[in-house]
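# Secondary and tertiary structure notes
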Amino acid sequence: IGIYKLPMDDAAAKYVETPEMLKMYAPDLKWVEPIQYPATYQDAINQLKEQRQNFDVAQENIAKGDIRQAGLILLDVVPKVTAAGRYIVRSYSIAANNERNKASDSDEAKTLDMKSYRIEYALNECLGYLGETDVLIGQGLRGELGVSAPAQLAIL
């Protein structure tokens, strides 16, 4: 029903940042504009809140039987959650490093490192569940989960 637009890491961006560059390195792939990372920590938080609301809409669509529309929403949610989550994890890691630079045995740095770890763990878990949901939606669309009602229940 669509494609994921994953956020680009700096190392890969130079190869795919324009349609011309992608055609040169991977002529078989279709270019889509990459997802941009949030500009600030607050933008990342706001993006996560917005995507949570979009995911709620996807759940409502599944409950109504419109699995295809839910899948399209999920295709938009996953890369934005990924980008915002990565930005937040990186923000905490940078803050921890800055604290460590002030004092090598900083309790604040240790606290920030633990928060970064916990956020990264939660992000990876969330993305895993979203991926699982994506697979179930695909199976539901192909009729592999049975008729509509069991498919809806399995996805929800």
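Our structure's up above, just so we're on the same page.
So, here is what we can say about the structure in this document. It should be emphasised that the depicted structure is a prediction, and the values quoted were computed from it without experimental measurement.

### Focus: the overall build of the protein chain
Scanning the protein chain from terminus to terminus reveals 6 helices and 0 strands. Secondary structure elements in the protein chain, listed N-terminal to C-terminal, are α-α-α-α-α-α. Out of the 156 residues in the protein chain, the part that is buried amounts to 29%. When contacts within the protein chain are restricted to residue pairs at least 6 apart in sequence, long-range pairs at least 24 apart make up 65% of them.

### Things to note about the packing of helix H3 (residues 41-64) against helix H4 (residues 67-102)
Packed helices, taken two at a time, are described by their axes: the angle between them and the distance between them. With their axes 8 Å apart at the nearest point, H3 and H4 run at an angle of 160 degrees to one another. When the axes of H3 and H4 are compared, the pair comes out roughly antiparallel. The crossing of H3 and H4 is left-handed. Broken down by class, the residue content of the contact of H3 with H4 amounts to 19 nonpolar, 7 polar and 2 charged.

### A closer look at the nonpolar core
Core analysis: the largest hydrophobic core is formed by 13 residues, its most contacted members being Ala70, Leu74, Leu130 and Ile137. At the level of secondary structure, the elements contributing two or more residues to this core comprise H3, H4 and helix H5 (107-141). By residue number, the principal contributor to this core is H4, which donates 7 residues. One finds Ala44, Ala84, Tyr87 and Ala96 within the second-largest nonpolar core, a separate group that totals 7 residues.

### Thoughts on the packing of H4 against H5
The geometry of H4 relative to H5 is characterised by a closest axis approach of 9 Å and an angle of 170 degrees between their N-to-C directions. As summarised for this structure, H4 and H5 are arranged roughly antiparallel, according to the angle between their axes. You can see that H4 and H5 cross each other, and the crossing is left-handed. In terms of residue class, the contact of H4 with H5 is built from 19 nonpolar, 6 polar and 9 charged.

### Looking at the environment of Arg90
By secondary structure assignment, the location of Arg90 is in helix H4. With relative accessibility at 39%, the residue Arg90 sits in the partly exposed group. A sequence separation of 26 residues divides Arg90 from Ser116, and the C-alpha atoms of the two residues are 7.7 Å apart.

### Notes on the packing of aromatic side chains
Evaluation of the coordinates by the stated rule reveals 2 aromatic pairs. Note on Tyr41 and Tyr92: the rings are 6.2 Å apart at their centroids and 70 degrees apart in plane angle, and the pair reads as edge-to-face. With Tyr41 in helix H3 and Tyr92 in helix H4, the pair connects residues that are 51 residues apart, well separated along the chain. Taking 6.4 Å as the distance between ring centres and 35 degrees as the angle between the ring planes, the aromatic pair formed by Tyr117 and Tyr121 counts as tilted. Of this pair, Tyr117 and Tyr121 both sit in helix H5, 4 residues apart, roughly one helical turn. For Tyr121, a relative accessible area of 51% corresponds to the exposed category. Above the ring of Tyr37, the side-chain terminus of Arg90 is found at 5.2 Å from the ring centroid.

### Section: the pattern of salt bridges
Across all of its chains, the model carries 5 salt bridges by this definition. We note a salt bridge from Asp56 to Arg52, for which the minimum N-O separation is 3.2 Å. One end of the pair, Asp56, and the other, Arg52, are both in helix H3, 4 residues apart, so they sit about a helical turn from each other. Given a relative accessible area of 27%, Asp56 falls into the partly exposed group. For Asp105, the salt bridge goes to Lys110, with nearest N and O atoms at 3.0 Å. Of the residues examined, Lys110 reaches a relative accessible area of 44% and is grouped as partly exposed.

Rules of the game
Residue indices follow the written sequence of each chain, beginning from 1 at its first position. Local features in this predicted model are restricted to residues whose pLDDT is 70 or higher, and side-chain atom pairs enter the listing and the counts only when it is 80 or higher, whereas totals over whole chains, interfaces and linings include all residues. To obtain the side-chain values, all non-hydrogen atoms of the structure were included, while hydrogens and water were left out. The way it works is that DSSP assigns letters per residue, a run of H or I at least four long becomes a helix, a run of E at least two long becomes a strand, and they are numbered from the N terminus. Think of it in three bands: with a 1.4 Å probe and only protein chains considered, a residue is buried below 20% of the maximum accessible area for its type, exposed above 50%, and partly exposed in between. Residue contacts follow a heavy-atom distance rule, with two residues in contact if any of their heavy atoms lie within 4.5 Å. The convention used is that axes are lines fitted to C-alpha atoms, helices contributing only their stretch in contact, and that angles between N-to-C directions extend from 0 to 180 degrees. Oblique is the label for every angle not falling under 35 degrees (roughly parallel), over 145 degrees (roughly antiparallel), or within 65 to 115 degrees (roughly perpendicular). With the far helix as reference, a near helix turned anticlockwise by less than a right angle produces a left-handed crossing, and one turned clockwise produces a right-handed crossing. Amino acids outside the nonpolar list (Ala, Val, Leu, Ile, Met, Phe, Trp, Tyr, Cys, Pro) and the charged list (Asp, Glu, Lys, Arg) are all regarded as polar, and Gly is one of them. Remark: nonpolar core denotes a set of buried residues (Ala, Val, Leu, Ile, Met, Phe, Trp, Tyr, Cys) joined through side-chain atoms within 4.5 Å. For Phe, Tyr and Trp, where Trp contributes only its six-membered ring, two rings pair if their centres lie within 6.5 Å, and the inter-plane angle classes them as stacked under 30 degrees, edge-to-face over 60, or tilted in between. Geometrically, a charge over a ring is one whose NZ (Lys) or CZ (Arg) sits within 6 Å of the ring centre while staying within 35 degrees of the ring normal. Salt bridge criterion: a side-chain nitrogen from Lys or Arg within 4 Å of a carboxyl oxygen from Asp or Glu.

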